[in-house]
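# Structural characterization, general
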Amino acid sequence: PKSRLKRDSELRLIKEFFGERTRIAHITRQRCRSFMELLSKYPSNATKRFGQVSLADAVALAEDKGLAAMSATTANAYLATFNRLMQFAVEEGWL
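So, here's what we can say about the structure.

Thresholds, definitions, all that
Residues numbered from 1 in each chain as written. Predicted model: local features only at pLDDT ≥ 70, side-chain atom pairs only at ≥ 80, totals over all residues. Heavy atoms only, no water. Core = buried A, V, L, I, M, F, W, Y, C linked by side-chain atoms within 4.5 Å. Buried < 20%, exposed > 50% of the residue type's maximum accessible area, 1.4 Å probe, protein only. Helix = DSSP H or I, 4+ residues; strand = E, 2+ residues; numbered from the N terminus. Contact = heavy atoms within 4.5 Å. Expected span 1.5 Å × (residues − 1). Arc of directions from axis to C-beta.

## Remarks on the nonpolar core
- With 19 residues, the main nonpolar core has Phe 18, Phe 35, Leu 39, Tyr 42 and Phe 82 as its most contacted residues.
- Contributions of two or more residues to this core are made by helix 1 (2-18), helix 2 (29-39), helix 3 (46-50), helix 4 (55-65) and helix 5 (72-91).
- Sequence-distant contacts of Phe 35, defined by excluding residues within four places in its chain, comprise Leu 13, Ile 14, Phe 17, Phe 18, Leu 55, Leu 79 and Phe 82.

## Details of helix 1
- The terminal C-alpha atoms of helix 1, which comprises 17 residues, lie 25 Å apart, in line with the 24 Å expected from a rise of 1.5 Å per residue.
- Among all positions of helix 1, only Glu 10, Leu 13, Ile 14, Phe 17 and Phe 18 are buried. Summarising the axial view, the buried residues of helix 1 lie within an arc of 115°, below the 170-degree limit, and thus occupy one face.
- Packed against the buried residues of helix 1 are helix 2, helix 4 and helix 5.
- Looking at the residues trailing helix 1, positive phi occurs at Gly 19, about 95°.

Right under this line is the structure:
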């Protein structure tokens, strides 16, 4: 379903940015702010436009082409998914 594809896309970007092997306890506030900043520049429909390029490459390509970033609503959905992951880590005692 579409909701699963959306969640997979959100998780892919989170995993790419923070690193698949990064311990959750090593994710700093500054790193979270950097993620939020980069996400605010991430173009809408990046995968459709650029294929499977990295988050940073998609942002650079979009800036070069003058493409708009994803909507605030979409960016907030990505941040909500990240927030749920962090909340889960707290509940499990990992943070």
